[in-house]
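# Results of the structural survey
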Amino acid sequence: MNEDSIAVFIPIVAIVMSLSIPIVYTIADYKRRRDIVEAHHRERLAAIERGVDIPPLPESFYQPISRRPPRTGSTLLPGLVWLFIGIGFFIALWQTGRQDWSYFGLIPTGIGLAYLIYYAVEGRKQLPAGGASGAVKGST
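How each quantity is defined
Residues numbered from 1 in each chain as written. Predicted model: local features only at pLDDT ≥ 70, side-chain atom pairs only at ≥ 80, totals over all residues. Heavy atoms only, no water. Helix = DSSP H or I, 4+ residues; strand = E, 2+ residues; numbered from the N terminus. Buried < 20%, exposed > 50% of the residue type's maximum accessible area, 1.4 Å probe, protein only. Contact = heavy atoms within 4.5 Å. Areas by Shrake-Rupley, 256 points an atom, 1.4 Å probe, with all protein chains shown as cover. Phe/Tyr/Trp six-rings, centres within 6.5 Å; stacked < 30°, edge-to-face > 60°. pLDDT = per-residue confidence, 0-100. Salt bridge = Lys/Arg side-chain N within 4 Å of Asp/Glu carboxyl O. Expected span 1.5 Å × (residues − 1).

The next subject is the overall build of the protein chain. Assigned secondary structure in the protein chain consists of 4 helices and 0 strands. Along its sequence from the N terminus, the protein chain presents helices and strands in the succession α-α-α-α. Within the span of the protein chain, comprising 140 residues, buried residues form 12% of the whole. Excluding contacts between residues fewer than 6 apart, the proportion of contacts in the protein chain whose partners are at least 24 apart in sequence is 57%. With an accessible surface of roughly 11,400 Å², the protein chain has 68% of that area assigned to carbon and sulfur atoms.

Spelled out as structure tokens, the structure:
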């Protein structure tokens, strides 16, 4: 095989692998939930035969494997990091004489601005709730 034919396989393998990861995740999550429901069903049938009632499964058993809790940290730091990386990338490419390429620095800048806008919007929503609960705690 020559280098050209090997070079064709690199993107093919990358695409196949990147598409197979979500598929494997979905299959593993489905099997996990199916096993939990089957075990619960067997337990319920055995309890009914004995005349004992058992409580239903909690909703957390039906959630996906890696369901992350809501983000507790803020988006201020990642927003500032992305913003300044984008600005630095833009300036560095502009100063090196690659003005056409420097516009790619606007991509991380936009991501940083999106984080900062989200921080501003969510911060305003959470600030009154935090201030109101603090006032209630202080008054009791």
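Having put the structure on the table, let's press on.
Turning our attention to the packing of aromatic side chains. Applying the stated rule across the entire model yields 4 aromatic pairs. Members of the aromatic cluster, connected to one another through ring pairs, are Phe90, Trp94 and Tyr103.

With that settled, consider the confidence of the model for the protein chain. Atom-level detail of predicted coordinates should not be read off regions where pLDDT is low. Per-residue pLDDT for the protein chain has a mean of 79; in total, 77% of the residues score no lower than 70. Looking across the protein chain, the model is least confident in helix α4 (residues 106-139), with a mean pLDDT of 69, and most confident in helix α2 (residues 76-95), with 90. Between residues 127-140, whose pLDDT stays under 50, and residues either more than four places distant or in other chains, the model counts 0 contacts.

Turning next to the pattern of salt bridges. Considering all chains together, one arrives at 5 salt bridges under this definition. Two residues, Arg44 and Asp53, come together in a salt bridge whose shortest N-O distance is 4.0 Å. Since its relative accessible area comes to 68%, Asp53 is described here as exposed. Taken together, the shared-partner salt bridges connect Asp29, Arg32 and Arg33 into one network.

Counted at 1.5 Å a residue, the expected span for α2 with its 20 residues is 28 Å, and the 28 Å between its end C-alpha atoms agrees. Directly after α2, the chain includes Gly97, whose backbone phi takes a positive value near 90 degrees.

On to helix α1 (residues 3-50). The end-to-end C-alpha distance of α1, which contains 48 residues, comes to 70 Å, matching closely the 70 Å that a straight helix rising 1.5 Å per residue would cover. Listing the buried residues of α1 in full gives Asp29, His40 and Ala47. Residue Gly51 follows α1 closely and has a positive phi angle near 85 degrees.

A few words now on the side chain of Ser102. Note that Ser102 resides in helix α3 (residues 99-102). For Ser102, a relative accessible area of 0% translates into the label buried. Here Ser102 is in contact with Phe90, Leu93 and Trp94, once residues within four sequence places are set aside.

Right, let's get into the environment of Tyr118. Turning to its location among the elements, Tyr118 is positioned in helix α4. Looking at Tyr118, the relative accessible area reads 46%, which means it is partly exposed. For the pair Tyr118 and Thr75, spaced 43 residues apart in the sequence, the C-alpha separation amounts to 7.4 Å.

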